[in-house]
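Analysis of the macromolecular model
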Amino acid sequence: MAIPLTPILFLISTFFALTQQVSISLTPTTLSNSGDSVLVQWSGIETPSKLDWLGIYSPPTSSHEDFIGYVFLSSSPTWQSGSGNISLPLVNLRSNYSFRIFHWTESEINTKKHDHDRNPLPGTAHLLATSEELRFEPGRGPEQIHLAFTDRDDEMRVMFLTEDGGERRVRYGEREDALDDVAVARVSRYEREDMCHAPANESVGWRDPGFIQDGVMTNLKKGVRYYYQVGDDSKGWSKTLSFVSQNPDSDETIAFMFGDMGAATPYRTFERTQDESITTMKWILRDIEALGDKPAFVSHIGDISYARGYSWLWDEFFALIEPVASKVPYHVCIGNHEYDWPLQPWKPDWSMYLYGTDGGGECGVPYSLKFHMPGNSSEPTGTRAPATQNLYYSFDMGSVHFVYISTETNFLKGSLQYEFLKHDLESVDRNKTPFVVVQGHRPMYTTSNEIRDTPIREKMLEHLEPLFVNNNVTLALWGHVHRYERFCPLNNFTCGSLGLNEENWKAYPVHAVIGMAGQDWQPIWEPRPDHTDMPVFPQPERSMYRGGEFGYTRLVATKEKLIFSYVGNHDGEVHDTVEILASGQVLNGGVHSTSIDDNIEGATTRPVSKMDSVFPWLVKGAGVLVLGALLGFFLGYFSHARKGTAPRNTWTPVKSEET
């Protein structure tokens, strides 16, 4: 009679634990705040292997295979002695943590079990030690606080997360010591049964998501700094935060825009995480602090957290953005990694190889409930999951009309989204908002090797580009490709004349791909030195600038001029700028004369003119003051466990496209 394998593995694991007196301890055993660090110490490993690993578990009852993440003990300098320590910053997942040490050797590697990068996942056959549980102090108040505009100029939405569904409130006012106005938050939640596919609906990916609270501060004065807290007396209040309300009487617009950021983790896990997201948030926070009492907002156009069904990565993402998103509205549109799953409702024949399993089974549910954007767009999922929301919407800020669209749901002529977009663009008051900026995830134009997306680009050119051209869209911003690329004013792959030499010209949209905020699957402009046989993708005339660096973009506009700039993460400086007049005329497509770093591989430009950086110089002065405190926050959060990256001046592209 055959003996089941599981009991045998259990006996082997027990034997290892009994024959080796391995100890593991935690300091402290209770954390005060999300993001605080625990020191994990161990000793007594008699025959250490460089593959021995520390598993991180939450809740502590999780099976061996269902870890949150892991760290190799060899990351401790003293691991070969059989003892060592690792410090880990941890976010609150609304359940306790525990840690387990496993022995693992190269001979036990199972190549059939691997992570996103096809690295083998660690084996769990030989458990050496299990820690006591790690807790978070109660009464800390809500977490994951983020702001958003509503459909009204005199309101501000604030969303946050709590451990239970009890009533929470927002108290706010113009003085920090007088938060006299109160709003009651609405609560929502989703369950494991709402997920559509693996891993989101399996034990390996699902964790308790908590309760999502949604409050709206009303009757706000124009352009005033407000202070606020969220929470309640029994479970605790957040610290006092602040934001600057909208001012519809002002024509000034400031926005920070990017796509495809994700979040970093202090451990390895099933999916690739995005270390560069830390730097992106660092520089944007510098810029926001430098603005003083000027309103601004952030625009993140798809591929938000890259959780892909591993729900705790949403927690890591919101912990990362909270220092920014609690100060300025954080706006989003949906990407393939929030939504796509095999049975999604809209999947025409031409898209069979386009929409797959990129959403990790989330089918847009966490995205739809964790954010609440203006408008009321939604599409049914066809399952018990709630309808997908935050698909397309628009709002005005200063002199710019911003439009968000979904490239993952139906945008063809006759669809609800197409009719929304057509009506919206035709209704813009160009006297009030002379500039129109449309944003979506998958690009209409790119010169990267995105072969799989060819069908959708063809449909976008057929159905959407005429709307953009006929309604004089100023800028079209896209993500999905993890680099920065800016094009000339375009219509059907043809550059329009700039009219700089008194020739006739027409206002065509300027397209830019801005998916370079964190994810490091980069399209390759040139072959790597060690892969000289890889194809070269030459830069066509319509591509004015292609950058090989992570970063973000700034948009600054008045009623006379819009200035769009690309900031590199390696130095926080402007590396590309374009100016557009209210008439739609593009004044230049050049770059700052000192902004191109020769050490950035693949940064190529077609300069038209030179100009100074347009963002206020106060950014550089204030940046010095802000950077110390800012680096303290981020480095305190990740310094002990951040995965190594290549030096900033020796960056090498790693993939041709993500599949």
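Residues numbered from 1 in each chain as written. Predicted model: local features only at pLDDT ≥ 70, side-chain atom pairs only at ≥ 80, totals over all residues. Heavy atoms only, no water.

What follows concerns the overall build of the protein. Secondary structure assignment for the protein yields nine helices and 36 strands. Counting the 659 residues in the protein, one finds 59% classified as buried. Accessible surface for the protein amounts to roughly 25400 Å². Of this, 51% is attributable to carbon and sulfur atoms. (Helix = DSSP H or I, 4+ residues; strand = E, 2+ residues; numbered from the N terminus. Buried < 20%, exposed > 50% of the residue type's maximum accessible area, 1.4 Å probe, protein only. Areas by Shrake-Rupley, 256 points an atom, 1.4 Å probe, with all protein chains shown as cover.)

So, on to the sheet that holds strand β35 (residues 586–588). The strand order across the open sheet built from seven strands is β21-β20-β19-β32-β33-β34-β35, with neighbouring strands paired in mixed fashion. Each end of this open sheet is capped by a strand with a single partner; those strands are β21 (330–333) and β35. Ignoring strand direction, the axes of neighbouring strands in this sheet form an average angle of 25°. In the packing of helix α2 (residues 276–290) onto the sheet, contacts are made with β19 (253–258), β20 (297–301), β32 (551–557) and β33 (561–568), and the angle to β32 comes to roughly 25°. (Pairing = 2+ DSSP bridges. Axes fitted to C-alpha atoms, helices over the stretch in contact; angles between N-to-C directions. Contact = heavy atoms within 4.5 Å.)

Looking now at the confidence of the model for the protein. Across the protein, the average pLDDT comes to 87, with 84% of residues at or above 70. Contacts from residues 590–602, a stretch scored under 50 in pLDDT, to residues over four places away or in other chains number 41 contacts. (pLDDT = per-residue confidence, 0-100.)

Turning next to the state of the cysteines. Going through the model one piece at a time under the given rule, you end up with two disulfides. The side chain of Cys196 participates in a disulfide bridge whose partner is Cys363; the two sulfur atoms lie 2.2 Å from each other. Taking the sign of the S-S torsion, about 80° here, the bridge from Cys196 to Cys363 comes out right-handed. Taken together, the positions of Cys196 in the loop between β14 (186–188) and β15 (211–217) and Cys363 in the loop between α4 (336–339) and α5 (365–370) put the pair 167 residues apart, joining distant regions of the chain. The buried category is assigned to Cys363, whose relative accessible area is 0%. The side chain of Cys488 participates in a disulfide bridge whose partner is Cys495; the two sulfur atoms lie 1.9 Å from each other. Between Cys488 and Cys495 the sulfur-sulfur dihedral comes to about -90°; the bridge is accordingly left-handed. (Disulfide = S-S within 2.5 Å.)

The pairing of strands in a sheet happens through backbone hydrogen bonds and is either parallel or antiparallel. On the basis of which strands lie adjacent, the open sheet formed by four strands has the order β5-β4-β7-β8 and antiparallel pairing. On the outer flanks of this sheet lie β5 (69–72) and β8 (126–130), each paired with one strand and no other. Each neighbouring strand pair of the sheet contributes to a mean axis angle of 30°, computed without reference to strand direction. Two strands pair when backbone bridges link them, and strand β4 (residues 53–57) and β5 are joined in this way by four bridges, in the antiparallel orientation. Residue pairing for β5: Trp53 is matched across the bridge by Phe72.

Counting buried residues along β15, five of its seven residues qualify, which places the element largely inside the surrounding structure. Alignment of strand β11 (residues 156–162) against β15, held across seven bridges, turns out to be antiparallel. Paired with Met159 across the bridge in β15 is Asp214. Taken together, the three bridges between β14 and β15 define a ladder with antiparallel strand orientation. Paired with Val187 across the two strands is Gln213, which belongs to β15.

Once that is clear, we can look at the packing of α2 against helix α3 (residues 312–325). Contact geometry for α2 and α3: axes closest at 9 Å, N-to-C directions at 10°. The orientation of α2 with respect to α3, classified from their angle, is roughly parallel. Here Ser277, Ile278, Met281, Ile284, Leu285 and Ile288 of α2 lie close against α3, whose contacting residues are Leu320, Ile321, Pro323 and Val324. Its residues placed into classes, the contact of α2 with α3 shows nine nonpolar, one polar and no charged. (Parallel < 35°, antiparallel > 145°, perpendicular 65-115°, else oblique. Nonpolar A, V, L, I, M, F, W, Y, C, P; charged D, E, K, R; others polar.)

Attention now moves to the environment of Arg225. Relative to the elements of secondary structure, Arg225 occurs in strand β16 (residues 225–232). Ignoring anything within four residues of it in the chain, the contact list for Arg225 reads Glu174, Ser242, Phe243, Val244, Gly292 and Asp293.

By secondary structure assignment, the location of Ser242 is in strand β18 (residues 241–244). Within the structure, Ser242 has its side chain in polar contact with the side chain of Arg225 (distance 2.9 Å). In contact with Ser242, other than residues within four places in its own chain, are Arg225, Tyr226, Tyr227, Tyr228, Ser326 and Lys327. (Polar contact = N/O pair within 3.5 Å; in protein donor to acceptor, adjacent residues only side chain to side chain.)

To continue, consider the nonpolar core. Grouped together as the largest cluster of nonpolar side chains are 142 residues, with contacts concentrated most on Phe99, Leu555 and Phe564. If one sorts the elements of this core by residue count, α3 sits on top with ten residues. Setting aside residues no more than four positions away along its own chain, Phe564 makes contact with Met257, Leu475, Leu477, Tyr484, Ala512, Ile514, Thr553, Arg554, Leu555, Asp576, Thr577 and Val578. Counting residues in hydrophobic clusters, the runner-up holds 28 residues, among them Tyr355, Val403, Ile405 and Leu412. (Core = buried A, V, L, I, M, F, W, Y, C linked by side-chain atoms within 4.5 Å.)

A full pass over the atoms with the stated rule returns 33 salt bridges. For Asp117, the salt bridge goes to Arg272, with nearest N and O atoms at 2.5 Å. Taken as a pair, Asp117 in the loop between β7 (98–103) and β8 and Arg272 in the loop between β19 and α2 lie far apart in primary sequence, 155 residues in all. (Salt bridge = Lys/Arg side-chain N within 4 Å of Asp/Glu carboxyl O.)

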